[in-house]
Amino acid sequence: MDYSPVLAVVTAGFEIIVAGWALVGHSKAESPGILRTTGAILLLLAGYQLAEVAICSNAAAAGFLPRLAFIIVTWLPPLGLLLIAQLRQPRSRAVSGSARAMLAAAAGIVVWIAIDRSFATASVCNAVYARYTHAMPRFLSYSWFYWLGLAGMIVFSGHAAVICPPARRRQQLAQIFAGTTGFVALSMLTSWFVPPARGALPSIMCHFALLLAVCLTRLVYLERRPVEEVDASTATQEG
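Here is a short report on the structure shown in this document. Keep in mind the model is a prediction, meaning the values are calculated, not measured.

Overview of the overall build of the protein
Broken down by element type, the protein carries 10 helices and 2 strands. Mapped in sequence order, the helices and strands of the protein form the string α-α-α-α-α-β-β-α-α-α-α-α. Taken over C-alpha atoms, the radius of gyration comes to 18 Å for the protein, in line with the 18 Å a tight globule of 239 residues would show. Along the longest, intermediate and shortest principal axes, the C-alpha atoms of the protein span 55 × 35 × 35 Å. By residue count, 50% of the 239 residues in the protein fall in the buried class. The long-range fraction of contacts in the protein, counting pairs at least 24 apart against all pairs at least 6 apart in sequence, stands at 75%. Counting every atom, the protein has about 11000 Å² of accessible surface; 69% of that belongs to carbon and sulfur.

Observations regarding the packing of helix α7 (residues 167-193) against helix α9 (residues 210-224)
It is at 8 Å that the axes of α7 and α9 come closest, and there the two elements cross at 175°. With respect to α9, the axis of α7 lies roughly antiparallel. Residues R168, R169, Q171, Q172, Q175, I176, A178, G179, T180, G182, F183 and L186 of α7 touch α9, and the partners they reach there are L211, L212, C215, R218, L219, L222 and E223. Taken together, the residues of the contact of α7 with α9 break down into 9 nonpolar, 6 polar and 4 charged.

Thoughts on a nonpolar patch on the surface
Together, L189, W192, F193 and V194 make up an exposed nonpolar region whose accessible area comes to about 440 Å². With respect to the element layout, L189 can be found in helix α7. Residue L189 is classed as partly exposed on the basis of its relative accessible area, which comes to 41%.

Definitions and cut-offs
- Residues numbered from 1 in each chain as written.
- Predicted model: local features only at pLDDT ≥ 70, side-chain atom pairs only at ≥ 80, totals over all residues.
- Heavy atoms only, no water.
- Helix = DSSP H or I, 4+ residues; strand = E, 2+ residues; numbered from the N terminus.
- Rg over C-alpha atoms; globule rule 2.2 N^0.38 Å.
- Buried < 20%, exposed > 50% of the residue type's maximum accessible area, 1.4 Å probe, protein only.
- Contact = heavy atoms within 4.5 Å.
- Areas by Shrake-Rupley, 256 points an atom, 1.4 Å probe, with all protein chains shown as cover.
- Axes fitted to C-alpha atoms, helices over the stretch in contact; angles between N-to-C directions.
- Parallel < 35°, antiparallel > 145°, perpendicular 65-115°, else oblique.
- Nonpolar A, V, L, I, M, F, W, Y, C, P; charged D, E, K, R; others polar.
- Patch = residues over 30% accessible without salt bridge, like charges linked within 9 Å, V, L, I, M, F, W, Y side chains within 5 Å.
- Salt bridge = Lys/Arg side-chain N within 4 Å of Asp/Glu carboxyl O.

Right, dumping it as structure tokens:
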């Protein structure tokens, strides 16, 4: 089946709009860093979608674009951990340290991807996803980095969503937990049980990450509401 860019373009458009909402006037917010990091994550998600459209417009002559797609998504788990560290109250050295370590590792990996021409090439574009060819076993190191970051996002956000005293922060962290767990689970199930999608996990994950983008939309909404309104709404629901 021929590749269709419609899903990727619509998804990117949604993510760019929400990123703009997060970033416009963010410097006047109570915690501008939270909105800045959220906006960056959304822009990176959109960036992958647009990179895939460019790749699949001419997969045989994609050149650097497949590596650019992986450079873009490399930053997602580290920034996810950074967002959790910014939201968590009280602050956690473990979460903050993990975010810093992942950001440092991501910087090194980006350099590696940029100079290693065999890291990723587009092999097939089908329906709404792309399948990439990687140099093994070097790609396994990247996989460990990525899955470790996603696991950290799930564990740290889930734990913090339970223990954080501020109601708004609990709700925001719960959104990260739900979005990350949801898109990872759906991606794995699709990769396992839908034969045409096997071998296309990176692309499948970035498409299902729309679920994370929707949850981040809710996070931005909560961040822009007055604290008193969020606390009152939460108290009513819990009562």
